[in-house]
Amino acid sequence: MVLNAGSSSLKFAIYGADAALAPLATGLVDRIGPEGRLHLQSPDGAALPTAPGPLSTHGEALETALESLRRAWPALSVAAVGHRVVHGGLAFEAPVRVTAAILEDLRAFIPFAPLHQPHNLAGIEAAMLAFPEAPQVACFDTAFHRSHPFVNDTFALPRAYFDKGVRRYGFHGLSYEYVSGELARRAPDLAAGRVVIAHLGNGASMCALKGGASVASTMGFSALDGLPMGTRCGQLDPGVVLYLLTEEGLSSEEASDLLYRQSGLLGLSGISNDMRELEASKAPEARDAIDYFTFRIRRELGAMAAALGGLDALVFCGGIGENSARVREEVCAPMGWLGLGVDPAANASGAGILSAPGAPVTVMVIPTNEERVIARATRDTARAAG
Ligand code: ADP
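What you are looking at is a predicted structure, and each value in this text was computed from that prediction instead of being measured. All residue numbers refer to positions counted from 1 along the written sequence of the respective chain. Reporting in this predicted model follows two pLDDT cut-offs: at least 70 for local features of residues, and 80 or more for side-chain atom pairs to be given and counted; totals over whole chains, interfaces and linings ignore these cut-offs and use all residues. Derived side-chain values reflect all non-hydrogen atoms in the structure, with water molecules and hydrogen atoms excluded from consideration.

### Some thoughts on the nonpolar core
Inference 1: Within the largest apolar cluster, 57 residues are counted, with the highest numbers of intra-cluster contacts made by Val196, Leu200, Phe293, Leu301, Phe316 and Leu340.
Inference 2: A helix here means a DSSP run of H or I that spans at least four residues, while a strand means a run of E at least two residues long, and both kinds are numbered starting from the N terminus. By residue number, the principal contributor to this core is helix H12 (residues 284–308), which donates nine residues.
Inference 3: Residues contacting Phe316, with those up to four places away along its chain left out, are Ala198, Leu200, Gly321, Arg328, Val331, Cys332, Val363, Met364, Val365 and Ile366.
Inference 4: Within the second largest apolar cluster, 28 residues are counted, among which are Ala313, Met364, Ile374 and Ala377. Side-chain atoms within 4.5 Å link the members of a nonpolar core, which is a set of buried Ala, Val, Leu, Ile, Met, Phe, Trp, Tyr and Cys residues. Buried means the residue's accessible area, taken with a 1.4 Å probe over protein chains only, is under 20% of the maximum for its type, while exposed means over 50%, and partly exposed covers the values in between. It only takes one pair of heavy atoms within 4.5 Å for two residues to be counted as in contact.

Next comes the structure, spelled out in structure tokens:
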């Protein structure tokens, strides 16, 4: 079982614990609380019957999910549980089997990711109670980026802050691990070179890879930095934050809410955080929001090409990266100077290689699958631990 626990939601996926890791079902409990409800789907997208709500806690959500799963697979038992954990600090460079001591270590990172880490850990605690016999494995969004050089990890603050952990960690690492692994399988020559992966979803970031290792990422200390996102601001002059606090009189909670939940595509457009709605809208503000999004992607791509000393491949993934031909076109077309471009028909199809044959930079779509990375790591870590 793969779990991704948020503040009021629990996403999960079930895989057969064999070599093939065949997907059996995915599920979502949303609005955990008085309106909490379970939605369950088979791999072909068909809805499976579920026990009724309300589901008020992560624990109740898990028990109800198991009960519903056993209607479809009466003999189902959970062999191991893998958890998406946003922050592994510097210590965790790989998935780890969770013990009480490890759970304590992971609590130390709550101040670094206060909106996600506590809920991820609540998911682990609920799963430990619901499946006491099953090994619990934590998989980290930060781990993939631990190969960054100092110049990418540091801020130009007094050195003591770096030593205290104020540095660029980078996120979306599970997605980058999956996509870079797929790239290595499909095109090993490209994967050995200079690659940028653009994970463009509700959360968005880019990762520069040299020979398969992450050397830079647009997300930094928090998941706010870099590209604008559905509701997050992306790169921001720190002077703006000081101004908001001192001149606008925002409390730190209000500033956090503004930067995480009211900004990005939603803040700029005043219409929606959802790219589909913005693409369908005729409002100039929707156009502005998409323009800003693609402009920032191009800027960061130029910066990443500089960090890599050139570019061999650009790979799109995430809900927007996989589905929006318009965003891909608006990122690539103005960057012909870097060798980028997409073939219109291939871009419209959105599958595989989108650049013209012989183009200097290969542009691709590789659909991401973070759950599968967690499932693999969980099976392997649980086995290794016996
Ligand atoms: P999350 O980061 O929450 O996992 P996703 O990766 O599912 O998010 O991405 C969600 C984003 O993908 C939304 O902005 C949504 O509008 C966008 N998206 C999904 N399908 C399309 C599409 N066909 N065209 C444009 N944008 C799309």
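### A few points about the pattern of salt bridges
Close approach of charged atoms allows side chains with opposite charge to pair.
Inference 1: By definition, a salt bridge exists where a carboxyl oxygen of Asp or Glu is found within 4 Å of a side-chain nitrogen of Lys or Arg. By the definition in use, this model includes 16 salt bridges.
Inference 2: For Arg276, the salt bridge goes to Asp274, with nearest N and O atoms at 3.3 Å.
Inference 3: Taken together, the salt bridges that share partners define one network made up of Arg287, Asp291, Arg326 and Glu330.

### Notes on helix H16 (residues 370–384)
Side chains three or four residues apart in an α-helix point the same way, a direct result of the helix having 3.6 residues per turn.
Inference 1: By this rule the span expected of a helix is its residue count minus one, scaled by 1.5 Å. The end-to-end C-alpha distance of H16, which contains 15 residues, comes to 21 Å, matching closely the 21 Å that a straight helix rising 1.5 Å per residue would cover.
Inference 2: Of all the positions in H16, only Glu370, Arg372, Val373, Ile374, Ala375, Ala377, Thr378, Arg379, Thr381 and Ala382 are classed as buried.

### A closer look at the packing of aromatic side chains
Inference 1: Each aromatic pair joins two rings of Phe, Tyr and Trp (for Trp, the six-membered one) with centres within 6.5 Å, and gets the label stacked for planes under 30 degrees apart, edge-to-face for over 60, and tilted for any other angle. Per the stated rule, a full pass over the model turns up six aromatic pairs.
Inference 2: When the ring of Phe112 is compared with that of Tyr169, the centres are 5.7 Å apart and the planes differ by 35°; the resulting orientation is tilted. Here Phe112 is found in the loop between helix H2 (100–107) and helix H3 (117–130), whereas its partner Tyr169 is found in the loop between helix H5 (159–163) and helix H6 (173–186), with 57 residues between them in sequence. The burial state of Phe112 is the same as that of Tyr169; both residues are buried.
Inference 3: The rings of Phe92, Phe109 and Phe140 are connected pair by pair, giving a single aromatic cluster.
Inference 4: Should the NZ of a Lys or the CZ of an Arg lie within 6 Å of a ring centre and within 35 degrees of the ring normal, that charge is described as sitting over the ring. Between Arg167 and the ring centre of Phe162, over which it is positioned, the NZ or CZ distance is 3.7 Å.

### Structural notes on the packing of H6 against H16
Inference 1: Axis definition: a line fitted to C-alpha atoms, over the contacting stretch in the case of helices. Angles run 0 to 180 degrees between N-to-C directions. The N-to-C vectors of H6 and H16 enclose an angle of 85°; their axes lie 8 Å apart at closest approach. Classified by the interaxial angle, the pair formed by H6 and H16 is roughly perpendicular. In this structure, H6 contributes Leu174, Ser175, Glu177 and Tyr178 to the contact, and H16 contributes Glu370, Arg372, Val373, Ile374 and Arg376.
Inference 2: Think of it as three bins: nonpolar holds Ala, Val, Leu, Ile, Met, Phe, Trp, Tyr, Cys and Pro, charged holds Asp, Glu, Lys and Arg, and polar takes everything else, Gly as well. Split into classes, the residues belonging to the contact of H6 with H16 amount to four nonpolar, one polar and four charged. Roughly parallel means an angle under 35 degrees; roughly antiparallel, over 145; roughly perpendicular, 65 to 115; everything else is oblique.

### Observations regarding the site of the ligand
Inference 1: Around the ligand, 13 residues are found, and the nearest of them are Asn202, Asp274, Met275, Arg276 and Gly319.
Inference 2: In this structure, an oxygen atom belonging to the ligand sits 3.3 Å away from a main-chain N or O atom of Gly203.
Inference 3: Any pair of nitrogen or oxygen atoms within 3.5 Å is treated as a polar contact; in protein, a donor-acceptor pairing is required on top of that, and neighbouring residues in sequence qualify only through side-chain atoms on both sides. In the environment of the ligand, an oxygen atom lies 3.1 Å from a nitrogen or oxygen atom belonging to the backbone of Arg276.
Inference 4: Throughout, the Shrake-Rupley method with a 1.4 Å probe supplies accessible areas, and for residues the shown protein chains are the sole cover considered. Relative to its free-state accessible area of 570 Å², the ligand is covered by the protein chains to the extent of 69%.
Inference 5: It is helix H13 (residues 318–323) that contributes the most residues to the shell around the ligand, four residues altogether.
Inference 6: Among the residues making up the shell around the ligand, the classes are represented as two nonpolar, eight polar and three charged. Definition of nearness: a residue and a molecule or strand are near each other if at least one heavy atom of the residue lies within 4 Å of the molecule or strand.

Nothing here speaks to function; it is all geometry.
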